[in-house]
Amino acid sequence: MIWVMGVLPIILLILGFPIFVILMVSSVIALVWIMDLPLTMIQTEMFGSVDNYKLIAVPFFIFAGAIMAQGGISRRLVEWVLSILGGIRGSLALTTVGACTVFGAISGSSPATVAAVGGMLFPSLREKGYPEKFASGLLASSGAIAGIIPPSIAMILYGAAAEESVRHLFIAGILPGLFIAFVMGVYIYFYARRRGIREGGSFDAATLVRTTKSGSWALGTPLIILGGIYLGVFSPTEAAGVACLYAILVATLVYRDLTLPGLWKVTVESVYLTAQVLIIVGAATLFSRLLTVAGVPQTMVEWITSLEVSAWVVLLVINLLLLLVGCVLDPASAILVLAPILKPVVAAAGIDPVHFGIIMTVNVSIGMFTPPFGLNIFVTQALFRVPLSSLYPGLVPFIIINLLALGVVTYWPDLSLVLVRLLG
Amino acid sequence: MEILTRSVLRTIRLFVGVLLIASVFLICANAAGRYLFLAPIIWAEEILGYVLVWTVYLGAALVTWDGGHLRMDLLSKTMPGPVRLIVNGLAVASFLAVGGIIIYQSFEAIGEFTHQSQVAEVPMQLMHAVIPLSFIIILGFIALRLRGHLNDTLSETDPETPRENAP
């Protein structure tokens, strides 16, 4: 069993097989030759796992994010953030973090954020004297904030895989996401001071009024999504749907930056991205169900309990595992395969499953820009033609900062849970 | 054959695109109905779940067409040509085998779903049929573009299909 469900998937992963195929091959071999279960379980699991109301939010958030990027909404959001931070030293780099945070409050997709924000800010960052390695490292890592700031696709997948409330996860993700953005902002400020970087701009109230006016429709999107969810008006899935409709109306009728053929292209692209991610849900659910039937999570719980280690050691080990997995696997696959296995382990150690969801989200988000395989690295490399020899060293300070922030998120549960208690 | 393939691709794109836009309107109509008219669309959640299943599995056929399934390919790309060809051959063979088993067991399983869904009362056999249907198309696409799958050149040969990075 360990060979089929443990070693074989790792070998096939290294060989570059599609993740969906890896999970299906292992599951089918286990079903046919090892476990005494009906083969028709494949149909039931593949259908039942995707037929999940929580998961409907995934295509909607992808769709909303794509409309924002193509429809001029993200450009107005960046201009608005820049007008607020214009007078501060390091304002352009700070705008990158701020814009990724605001864009993350709409799309929930990390690479989409790198592409949308980076496309506008990378040339300006280079122009104003930021070294290539800093600018590229900043973009790849800032984009990861979008995966943590609600609404987050990673949190929706965790909610579906671990059967936790997506609304609670969204509430719990607010402070950790803002905290990481703040810590990165502090580093950027001191970096710009040490390097003597001055963008030359200053805060101008008239510019702020102009960008706020021009971006007011764009700013309405995060308000609708987050306000609707936190005030209990909409479920996360409904909020995502309403955000799509709002984005379509704003991009086509108000800003007129998106034509109908453009909207159709964005629609098909969104379906494509959705299928890429959610096909793994069907396979991963079958895979983790077989592991559960084989008693793997239970064995892990018993093993960890027998070690008699405290909760913080369990969290340390799990963090190391997740960081390692996050370096080589995309967030969706990592969450869908590991969440059902690890949830009983952390529950046995007395850790709140919502808090664990945030820890897992932060881990896989760090994996997005951790060498060698972080997806944001390749998006940054492809979009801005930065060589890996420059990009990898540029990532190091941001990885260290994010690891320190992960430590705080992990060992200070109240940072995640205080708002859940207040608003949940 | 090329005309048929293009027609299938175009039909799938049209179908899944319309499904996504329709589901946006349906979920908004449901929310509006609940708050404005105190009359939610009771079958909306159930239908949206089925729409997602159809979107994902038919969308997977588009992903297969240009070899866009998520994978960790950095190491495999550094392999020498002949080794890479063998590895890609094994991956394609596994995909075909898995697809075949999925289709086979689907027909067996679907035979048992003679009931209707609880709220919308749609036949469950019809809803479940998307899985074998999609995998028949997927296997057909793999067979049609076997050389591209083996050489990893799919994205270069079909610029029409969108290929983006996953979230």
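What you are looking at is a predicted structure, and each value in this text was computed from that prediction instead of being measured.

S.K.: In this structure, what is going on with the overall build of chain B? I would like to understand it.
M.R.: Across its full length, chain B carries eight helices and zero strands. Counting from the amino terminus, helix and strand elements in chain B follow one another as α-α-α-α-α-α-α-α. Radius of gyration (C-alpha) of chain B: 19 Å, far over the 15 Å computed for a compact globule of 167 residues. Along the first, second and third principal axes, the C-alpha set of chain B runs to 65 × 35 × 35 Å. Within chain B, the proportion of its 167 residues that are buried is 50%. In chain B, once contacts between residues fewer than 6 apart in sequence are set aside, the share between residues at least 24 apart is 74%. Accessible area for chain B stands at about 8100 Å²; split by element, carbon and sulfur atoms hold 66% of it.

S.K.: Is there a simple way to explain the overall build of chain A in this structure?
M.R.: Scanning chain A from terminus to terminus reveals 20 helices and zero strands. On C-alpha atoms alone, chain A measures out to a radius of gyration of 21 Å, which is about the 22 Å that the 2.2 N^0.38 rule sets for 424 residues. C-alpha extents for chain A along the principal axes are approximately 70 × 45 × 45 Å. In chain A, which comprises 424 residues, the proportion classed as buried is 62%. Considering only intrachain contacts with a sequence separation of at least 6, the fraction spanning at least 24 residues in chain A is 80%. Only carbon and sulfur atoms are counted for the fraction: they give 68% of the accessible area of chain A, which is about 15100 Å².

S.K.: What should I look at first to understand the interface of chain B and chain A in this one?
M.R.: For an interface, size is often stated in terms of accessible area lost upon the parts coming together. In this assembly, 67 residues from chain B lie in contact with 63 residues from chain A. Carbon and sulfur atoms supply 79% of the area buried between chain B and chain A, which totals about 6000 Å² over both sides. Applying the counting rule to chain B against chain A returns one salt bridge. Taken together, the connections running from chain B to chain A amount to eleven residue pairs in polar contact (both at pLDDT 80 or more). Counting only elements with at least two residues in the side of chain B that touches chain A, the list comes to α1 (2-36), α2 (44-65), α3 (74-77), α4 (81-110), α5 (124-128) and α6 (130-144) of chain B.

S.K.: Hey, could you run me through the environment of G104(A) in this one?
M.R.: Within the secondary structure layout, G104(A) lies in helix α6 (residues 91-104). With near-sequence residues (within four places) excluded, G104(A) lies in contact with A146(A), I149(A), P150(A) and P151(A).

S.K.: Sorry if this is basic, but what is going on with the confidence of the model for chain B here?
M.R.: Note that predicted coordinates carrying low pLDDT should not be read in detail. Residue and element names in this part refer to chain B. Residues at a pLDDT of 70 or more form 91% of chain B, whose mean pLDDT is 87. Mean pLDDT across the secondary structure elements of chain B bottoms out at helix α8 (residues 154-157), with 54, and peaks at α2, with 96. Contacts of residues 156-167 to residues separated by more than four positions or lying in other chains number 41 contacts, the stretch itself having pLDDT below 50. Among the prediction metrics, the complex's ipTM stands at 0.91, with pTM recorded as 0.85.

S.K.: I tried to follow the pattern of salt bridges on my own but got confused; where do I start?
M.R.: Any two side chains of opposite charge can pair, so long as their charged atoms come close to each other. All names here are of chain A. The final tally for this structure, using the stated rule, is eight salt bridges over all chains. E45 serves as the salt-bridge partner of R289, at 3.1 Å between the closest nitrogen and oxygen. Linking R289 in helix α13 (residues 260-293) with E45 in helix α3 (residues 41-50), this pair joins segments that are 244 residues apart in sequence. R289 sits in the partly exposed class, given a relative accessible area of 37%. The buried category is assigned to E45, whose relative accessible area is 11%. Residues D257 and R75 are paired through a salt bridge, measuring 3.3 Å at the closest nitrogen-oxygen approach. A residue pair is termed long-range when its members are at least 10 positions apart, and D257 in the loop between α12 (236-254) and α13 and R75 in helix α5 (residues 73-85) qualify at 182 residues. Given the relative accessible area of 34%, D257 is considered partly exposed.

S.K.: Sorry, what's going on with the packing of aromatic side chains here?
M.R.: Two measures describe an aromatic ring pair: the distance that separates the ring centres and the angle between the ring planes. Here the structure, examined in full by the defined rule, presents 16 aromatic pairs over all chains. Between F61(A) and F170(A), the ring centres sit 6.4 Å apart and the planes meet at 65°, which makes this aromatic pair edge-to-face. Pair noted here: F61(A) is in helix α4 (residues 57-70) and F170(A) is in helix α10 (residues 166-195), with a separation of 109 residues, a long-range link. Considering the side-chain rings of W312(A) and Y411(A), the 6.4 Å spacing of their centres and the 70° angle between planes classify their relative orientation as edge-to-face. Separated by 99 residues along the polypeptide, W312(A) in helix α15 (residues 311-328) and Y411(A) in helix α19 (residues 388-411) bring together distant segments of the chain. For Y411(A), a relative accessible area of 38% gives the class partly exposed. Counting every residue linked through ring pairs, the aromatic cluster contains Y130(A), F134(A), Y187(A), Y191(A) and F398(A). Above the plane of the ring of Y255(A) lies R76(A), whose end atom (NZ or CZ) is 3.6 Å from the centre. Here the basic side chain of R145(B) rests over the ring of W65(B), its NZ or CZ set 4.1 Å away from the ring centre.

S.K.: Quick question: what am I supposed to make of the state of the cysteines here?
M.R.: The bond known as a disulfide is covalent and runs between the sulfur atoms of two cysteines. For the structure shown, the criterion picks out zero disulfides over all chains. The thiol of C28(B) is not disulfide-bonded; the next cysteine sulfur, from C244(A), is found 7.7 Å away. You can call C28(B) buried: its relative accessible area is 11%.

S.K.: How should a nonpolar patch on the surface be read in this particular structure?
M.R.: A surface patch of nonpolar side chains, about 590 Å² in accessible area, is lined by L231(A), V233(A), Y35(B), L36(B) and F37(B). Tracing the chain through its elements places Y35(B) in helix α1. Y35(B) sits in the partly exposed class, given a relative accessible area of 43%.

S.K.: Looking at this structure, I do not really get the nonpolar core. What am I missing?
M.R.: As a rule of thumb, soluble globular proteins bury nonpolar side chains together. Judged by nonpolar contacts, the single largest core of 217 residues is most densely connected at F20(A), M24(A) and L157(A). Among the elements that take part in this core, α13(A) stands out by supplying 17 residues, more than any other. In this structure, F20(A) is in contact with M46(A), I279(A), I280(A), A283(A), F95(B) and F135(B), ignoring residues within four places of it in sequence.

S.K.: When you look at unusual backbone geometry in this model, what are you seeing that I'm missing?
M.R.: As a rule of thumb, non-glycine residues mostly have phi less than zero, and peptide bonds are mostly trans rather than cis. Look at the link from P150(A) to P151(A): it is a cis peptide, with omega at 0°. Examined against the element boundaries, P151(A) turns out to sit in the loop between α8 (132-143) and α9 (153-162). In this model, E163(A) sits at a positive phi of 55°, which is unusual for a non-glycine residue. Within the fold, E163(A) resides in the loop between α9 and α10. Positive phi values are uncommon outside glycine, yet L38(B) reaches one of about 50°. As for its position among the elements, L38(B) is in the loop between α1 and α2. When its relative accessible area of 73% is taken as the criterion, L38(B) is described as exposed.

Quick notes on the rules
For every chain, the first residue of the written sequence is number 1, and numbering continues from 1 along that sequence. Labels are handed out in written order, letters beginning with A for the chains and numbers beginning with 1 for the ligands. Local features in a predicted model are, by the rule used here, given only for residues with pLDDT of at least 70; side-chain atom pairs are given and counted only at 80 or more, and totals for whole chains, interfaces and linings are based on all residues. Excluded from the side-chain calculation are hydrogens and water; included are all heavy atoms of the structure. A run of H or I in DSSP becomes a helix once it reaches four residues, and a run of E becomes a strand once it reaches two; helices and strands are each numbered from the N terminus. Radius of gyration: over C-alpha atoms. The globule rule applied is 2.2 Å multiplied by the number of residues raised to the 0.38 power. The buried label goes to any residue with under 20% of its type's maximum accessible area, the exposed label to any with over 50%, and the partly exposed label to all in between, with areas taken from a 1.4 Å probe on protein chains only. Working rule for contacts: check all heavy atoms of both residues, and any pair within 4.5 Å makes them a contact. A 1.4 Å probe and the Shrake-Rupley method give the accessible areas. Residues count as covered only by the protein chains that appear here. Using a 1.4 Å probe, buried area is obtained as the accessible area two parts lose upon being combined, added over both of them. The salt bridge criterion pairs a side-chain nitrogen of Lys or Arg with a carboxyl oxygen of Asp or Glu, the two atoms within 4 Å. Under this definition, polar contacts are N or O atom pairs within 3.5 Å; protein pairs additionally need one hydrogen-donor-capable and one acceptor-capable atom, and for neighbouring residues in sequence, both atoms have to be side-chain atoms. Confidence scores per residue from the predictor, reported as pLDDT, run from 0 to 100. Side-chain rings of Phe, Tyr and Trp (the six-membered ring for Trp) are treated as a pair once their centres are within 6.5 Å; stacked means planes under 30 degrees apart, edge-to-face means over 60, and tilted covers the remaining angles. Two conditions define a charge sitting above a ring: the NZ of Lys or the CZ of Arg must be within 6 Å of the ring centre, and it must be within 35 degrees of the ring normal. Here, a disulfide means two cysteine sulfur atoms that sit within 2.5 Å of each other. Patch members must show over 30% relative accessible area and no salt bridge, and they are joined within 9 Å when carrying like charges or within 5 Å when they are nonpolar side chains of Val, Leu, Ile, Met, Phe, Trp or Tyr. For the purposes of this section, nonpolar cores are sets of buried Ala, Val, Leu, Ile, Met, Phe, Trp, Tyr and Cys residues that join through side-chain atoms within 4.5 Å.

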